[in-house]
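Reading the structure
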Amino acid sequence: MRQAIPAELSDLVRSVKFDGGVATIIADAGGMGRSAAAQLQRELEQDVGAVEGVEEVRVALMADKPSRPIIVVGSGKGGVGKSTLTANLAVALAKLGHKVGVVDADIYGPSQPTLLDVQGERPRAEGQKLVATDSPHGVKVLSMGQLVEPGRAIAWRGPMVGNALSQLVDGDWGDTDLLLVDLPPGTGDVQLSMLKNNKPSGAVVVSTPQDLALIDATRAIDLFRQAKVPIVGLVENMAGYLCPHCGEASDPFGQGGARKAAEELDLPFLGQVPLAMEIRAASDAGDPPGAGDSEHGQHFVALAAQVSAFVKAGKS
Ligand SMILES: Nc1ncnc2c1ncn2[C@@H]1O[C@H](COP(=O)(O)OP(=O)(O)OP(=O)(O)O)[C@@H](O)[C@H]1O
């Protein structure tokens, strides 16, 4: 029976049973939009229905988990600005009308409570669920940093990481319609549990223009591709520095590397964010520029518009 299912769908199929002419298929439609899930159902019905002896096909789609799209923000390397981008994208997406929640899954350096100005706030638990904290910027947040003392989670192994991550993703997010997940750098336990338990609808990958960061970003992209997570696109952060004193422009991490890498990898290039003192200072102060209309805020709004279009396309 399984042989009747085309290779590109077989990864989504969790079980196939055949009894008395009835084929029952359980498939994973988690993170899919409504039309993609309906199409998956139709294709499975057609392919398996064509097998000799099959009189009826029953398809059960597991879609109950992420009823809201999840966009992960990842990087291959640490310190390239993934958390800064996540916070700024979140507030810019909220400005564009989305009801956004941020999951800070960076166990090695949870920084969303600082970036979104909810530092020191402990989420309350209601029933079995953690209730996401409201930030002053109109986005909700749950962070590994709210669960454990700074630095304590570093020794965690796979299952502990998976449990903690589920507590955050499956928390009480109210009417949030989009989750952004700030992943730790690399391709470790958090990424694997995320892919296994809460398949993202898309991934944004951040890199600096530097060759080393780009090589690492390529590894992160490979992981998402293997797991069949669509890549929303690549963002080049810390691109070009304008000296606030003399006005001279320089490129501490090189120029245009991420755009070139996106072309080579056949991925959308979402845009650049300059290396700017104002971005660092405002972000550290819990006032992400993406929430406002400043020149730097506009970079994040332009990126958010593309993420918004991606999410809306997935829902239609
Ligand atoms: N475009 C930018 N201009 C200036 N500073 C930036 C910019 N992007 C990020 N930074 C600063 O660089 C540092 C690292 O950024 P951030 O914490 O967002 O990176 P990360 O990739 O999430 O790192 P980590 O590996 O710790 O998770 C922070 O101090 C941040 O304020």
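About the cut-offs
- Residues numbered from 1 in each chain as written.
- Predicted model: local features only at pLDDT ≥ 70, side-chain atom pairs only at ≥ 80, totals over all residues.
- Heavy atoms only, no water.
- Salt bridge = Lys/Arg side-chain N within 4 Å of Asp/Glu carboxyl O.
- Helix = DSSP H or I, 4+ residues; strand = E, 2+ residues; numbered from the N terminus.
- Buried < 20%, exposed > 50% of the residue type's maximum accessible area, 1.4 Å probe, protein only.
- Near = heavy atom within 4 Å.
- Polar contact = N/O pair within 3.5 Å; in protein donor to acceptor, adjacent residues only side chain to side chain.
- Areas by Shrake-Rupley, 256 points an atom, 1.4 Å probe, with all protein chains shown as cover.
- Nonpolar A, V, L, I, M, F, W, Y, C, P; charged D, E, K, R; others polar.
- Pairing = 2+ DSSP bridges.
- Axes fitted to C-alpha atoms, helices over the stretch in contact; angles between N-to-C directions.
- Contact = heavy atoms within 4.5 Å.
- UniProt positions renumbered as here; feature names shortened; annotations may be inferred.

Moving on, we come to the pattern of salt bridges. Scanning all chains against the criterion turns up 10 salt bridges. For the salt bridge of D293 with K95, the shortest nitrogen-to-oxygen distance reads 3.3 Å. Placement of the pair is D293 in the loop between α10 (277-284) and α11 (295-315) and K95 in helix α3 (residues 82-95), with a sequence separation of 198 residues. Residue classification places D293 among the exposed residues on the basis of a relative accessible area of 63%. What you see here is one network of salt bridges that share partners, running through K82, D106 and D182.

Before going further, it helps to spend a moment on the site of the ligand. G79, S83, T84, D106 and P274 are the nearest of the 18 residues found near the ligand. Contacts to the ligand include N237, whose side-chain N or O atom sits 2.9 Å from a nitrogen atom. In this structure, A276 approaches the ligand through a main-chain N or O atom, which is 3.0 Å from a nitrogen atom. Taking 620 Å² as the accessible area of the ligand by itself, protein coverage stands at 79%. Where the shell around the ligand is concerned, the elements lending two or more residues are α3, β12 (231-242), β14 (269-275) and α10. Of the residues assigned to the shell around the ligand, the class counts are 8 nonpolar, 6 polar and 4 charged.

This part covers the sheet that holds strand β2 (residues 22-28). Picture the strands of a sheet paired through backbone hydrogen bonds; they go either parallel or antiparallel. In spatial order, the strands read β1-β2-β3; together these 3 strands make up an open sheet with mixed pairing. Every other strand in the sheet has two partners, leaving β1 (13-19) and β3 (56-62) as the edge strands with one partner each. With strand direction ignored, the average angle separating the axes of adjacent strands in the sheet is 15°. In the sheet, β2 pairs with β3 via 7 bridges, with the strands oriented parallel. Along β3, the bridge assignment pairs I25 with V59. Across the sheet, helix α2 (residues 34-49) touches β1, β2 and β3, and the angle it forms with β3 is around 150°.

What follows deals with the UniProt feature "binding site: ATP" (unreviewed entry) in the chain. When the UniProt feature table is mapped onto this chain numbering, "binding site: ATP" (unreviewed entry) sits at G76, K77, G78, G79, V80, G81, K82 and S83. Positionally, V80 belongs in the loop between β4 (70-74) and α3. If you trace the backbone, S83 turns up in helix α3. If we ignore the near neighbours within four places in the chain, the residues touching S83 are D106, S111, Q112, L115 and D182.

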